[in-house]
Amino acid sequence: MGDKGAPGVTSRRALMLGITSGVLAAVSACAATATTGTVGGAVPDEQQAPPRAAPQGPALPGQDASGPSQPAPVPPAAVQPPSKAQIVSEFAGLLPSQWGLQVTGVVTRSPAHQAAITLDACGGPGGSGVDQQLLSTLRKLNVPATLFVNERWIQANPGLTAELARDPLFELANHGFRHRPLSVNGRSAYGIAGTADVGQVYDEVMENQKLLQDIAGHAPRFFRTGTAYYDDTAAAITRRLGLVPVNFSINGDGGATFAASIVASEVGKARSGDIIIAHFNRPGSGTAAGFAQALPRLLGQGAAFATLGAVLPL
């Protein structure tokens, strides 16, 4: 979500060579875009959760200690997405009527009894770090998560990206090519210029989609834009390209600015169908410690977690 830097573009061939060689690079954490503080403090809209829907059903049911309560979904058969020319032809001149975190076509909750943890890695200057403590906590507790990775973060962490793609506990998802708000007319969020037209929306989604397909061996199903802002036309384009645009019902770490106690409090609110957003590219933030406090309590109360692929219908 929160990083503002623009990427350098590396050829896919060179990047795949880096993945093969297992090169790892973890640089400084994502530049904060909000003042660190409590939930009630001055936090930008991007870092505020949408209004919460009433919990669906009782508190989360139990999760078997031997693994996630649902088996990992089988990736759907590959379907050739429309070309850029087709998308431009279909959506040219279609004006958006909505802009923000919650627009038509963007999913913020699931119908399942599990909650879904989604973690962003933004990449770019200050945003390409790796919160190994957070990943280790998830692995220790056997809690699955969907990881939204940006091209810039992949470029800095090719070996780790390939490792995460092989780990059955995790699911990789598309966090965009340049980490830009998704707009067909250049709308901005937090001073970050959005995509300017339909063609740029296509590039923002599909350039990273192709890279992730090369790495994982199948196309990701889910997309989250940089800053989490969309217009409704861009969300429709994302769906036309075969991806589900996803945001959140619980903001777990305020763009990796919340103290650990606040992260623990927010994550601890998870109930059936919630989608939690946090970040795993900010080592040293309060995110890992907050999850380490919240998850054992939730699991002890009978909580269950699953990846987006296990809780959102095809």
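Here the structure is shown first, and the text comes after it.
Quick caveat: nothing in here was measured; it's all calculated off a predicted structure.

What counts as what
Residues numbered from 1 in each chain as written. Predicted model: local features only at pLDDT ≥ 70, side-chain atom pairs only at ≥ 80, totals over all residues. Heavy atoms only, no water. Axes fitted to C-alpha atoms, helices over the stretch in contact; angles between N-to-C directions. Helix = DSSP H or I, 4+ residues; strand = E, 2+ residues; numbered from the N terminus. Parallel < 35°, antiparallel > 145°, perpendicular 65-115°, else oblique. Left-handed = near helix turned anticlockwise from the far one by under 90°. Contact = heavy atoms within 4.5 Å. Nonpolar A, V, L, I, M, F, W, Y, C, P; charged D, E, K, R; others polar. Buried < 20%, exposed > 50% of the residue type's maximum accessible area, 1.4 Å probe, protein only. Salt bridge = Lys/Arg side-chain N within 4 Å of Asp/Glu carboxyl O.

A. Quick look at the packing of helix H2 (residues 84-91) against helix H7 (residues 232-240). At a minimum axis separation of 11 Å, H2 and H7 run at an interaxial angle of 140°. With respect to H7, the element H2 is oriented oblique. Both H2 and H7 take part in a crossing whose hand is right-handed. Along its contact with H2, which presents Ile87, Glu90 and Phe91, the element H7 presents Thr233, Ala236, Ile237 and Arg240. Residue classes in the contact of H2 with H7 are distributed as four nonpolar, one polar and two charged.

B. Broad picture of helix H8 (residues 260-267). The buried fraction of H8 amounts to six of the eight residues, a majority that puts the element mostly inside the structure. Of the positions making up H8, those classed as buried are Ala260, Ile262, Val263, Ala264, Glu266 and Val267. On its buried face, H8 sits against strand E10 (250-251), strand E11 (275-279) and helix H9 (287-300).

C. Region of the structure containing the pattern of salt bridges. As enumerated under the stated definition, the model contains eight salt bridges in all. With a shortest N-O distance of 2.9 Å, Glu90 and Arg240 are connected by a salt bridge. In this pair, Glu90 sits in helix H2 while Arg240 sits in helix H7, placing the two residues 150 residues apart along the sequence. On the basis of relative accessible area, Glu90 is assigned to the partly exposed category, the value being 40%. Taking the shortest distance from any N to any O, the salt bridge between Lys210 and Glu207 comes out at 4.0 Å. Of this pair, Lys210 and Glu207 both sit in helix H6 (residues 198-216), three residues apart, which is roughly one turn of that helix. Where salt bridges share partners, they join Arg139, Glu163 and Asp167 into one cluster.

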